[in-house]
Amino acid sequence: EDKVVQSPLSLVVHEGDTVTLNCSYEVTNFRSLLWYKQEKKAPTFLFMLTSSGIEKKSGRLSSILDKKELFSILNITATQTGDSAIYLCAVDNSSAGNMLTFGGGTRLMVKP
Amino acid sequence: DAGVTQSPTHLIKTRGQQVTLRCSPKSGHDTVSWYQQALGQGPQFIFQYYEEEERQRGNFPDRFSGHQFPNYSSELNVNALLLGDSALYLCASSRTGIEAFFGQGTRLTVV
């Protein structure tokens, strides 16, 4: 059975801290790994990773994939209160695409 | 661009009833996927529609069914509602080669 596990379950930090969120997976026919941010309802897309060792970066957020060890990390530097959200990791293992298996999420709270 | 729109935003139903949720995909997208997100959990894939047919299906009973219309919009139907069907139902639209974009979801409460 395909499985995606995220850690930690929750995290409380102060503004300016750096955080690292983890995602490990066991799936058949890996296609891509995606990170989403969920603040209220709609998950919003952050990154799609398909190749090992290539860092994707957007502002203070970055992510990297290790296909040999089957994990990915999401880094957030200089955290702000607006980064408070649930961060979801998902793996697409379908030939047709966009059939996502999600982890349980990491709830991040950034205190002022 | 209105993005992915879902209706209604909230819904309360009684056990045993039937419900229909609706989704309009983002402009230019031809694929619609539905997910169920229980409180405190990650979304779970229900099924995906492409070219008006169910293309992929997750581990959900036949009480969950769907439809896609020629304009790519989609409906999710759930029959014989159970208390355990209470969840946030998310619709995601996409097209080949790009990531899925999610709607705001429909919060379904079964009492």
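Residues numbered from 1 in each chain as written. Chains lettered and ligands numbered in written order. Predicted model: local features only at pLDDT ≥ 70, side-chain atom pairs only at ≥ 80, totals over all residues. Heavy atoms only, no water.

A. A look at the overall build of chain B. Scanning chain B from terminus to terminus reveals zero helices and eleven strands. By the compact-globule yardstick of 13 Å for 111 residues, chain B fits well, its C-alpha radius of gyration being 13 Å. For chain B, the spread of C-alpha atoms along the three principal axes comes to 40 × 25 × 25 Å. Expressed as a percentage of its 111 residues, the buried residues of chain B come to 50%. A separation of at least 24 residues holds for 51% of the contacts in chain B among residues at least 6 apart in sequence. Taken as a whole, chain B presents about 5300 Å² of accessible surface, with 47% of it coming from carbon and sulfur. Positive and negative charge centroids in chain B, built from 9 and 10 side chains respectively, lie 10 Å apart. (Helix = DSSP H or I, 4+ residues; strand = E, 2+ residues; numbered from the N terminus. Rg over C-alpha atoms; globule rule 2.2 N^0.38 Å. Buried < 20%, exposed > 50% of the residue type's maximum accessible area, 1.4 Å probe, protein only. Contact = heavy atoms within 4.5 Å. Areas by Shrake-Rupley, 256 points an atom, 1.4 Å probe, with all protein chains shown as cover. Lys, Arg positive; Asp, Glu negative; His and termini not counted. Charge placed at Lys NZ, Arg CZ, Asp CG, Glu CD.)

B. Region of the structure containing the overall build of chain A. A tally of helices and strands in chain A yields zero helices and eleven strands. Starting at the N terminus and ending at the C terminus, chain A contains elements arranged as β-β-β-β-β-β-β-β-β-β-β. Its C-alpha radius of gyration of 13 Å places chain A within 12% of the 13 Å reference for a compact globule of 112 residues. Considered along the principal axes of its C-alpha atoms, chain A spans approximately 45 × 30 × 20 Å. Counted over contacts in chain A with a minimum sequence separation of 6, partners at least 24 positions apart contribute 54%. Summed over its atoms, the accessible surface of chain A is roughly 5500 Å², and 50% of this surface lies on carbon and sulfur atoms. The positive charge centre, built from 12 side chains, and the negative charge centre, built from 11, are 5 Å apart in chain A.

C. Representation of the environment of T9 of chain B within the structure. Tracing the chain through its elements places T9 of chain B in the loop between β1 (5–7) and β2 (10–13). Residues T9 of chain B and L108 of chain B lie 99 residues apart in sequence; the distance between their C-alpha atoms is 8.5 Å. Sequence-distant contacts of T9 of chain B, that is, excluding residues within four places in its chain, are made with K41 of chain A together with G105, T106 and R107 of chain B. Here the side chain of T9 of chain B touches H10 of chain B through a polar contact of 3.3 Å, side chain to side chain. (Polar contact = N/O pair within 3.5 Å; in protein donor to acceptor, adjacent residues only side chain to side chain.)

D. A look at the interface of chain B and chain A. Of the residues lining the interface, 25 residues belong to chain B; the matching set on chain A comes to 18 residues. Between chain B and chain A, a total of about 1700 Å² is buried, with carbon and sulfur atoms accounting for 54% of that surface. Counting the surface chain B buries against chain A, the share from its top three residues, Q56, E99 and F102 of chain B, is 29%. Where chain B meets chain A, there are zero salt bridges. (Buried area = accessible area lost by both parts, 1.4 Å probe. Salt bridge = Lys/Arg side-chain N within 4 Å of Asp/Glu carboxyl O.)

Treat this as a map of the structure, not an account of what it does.
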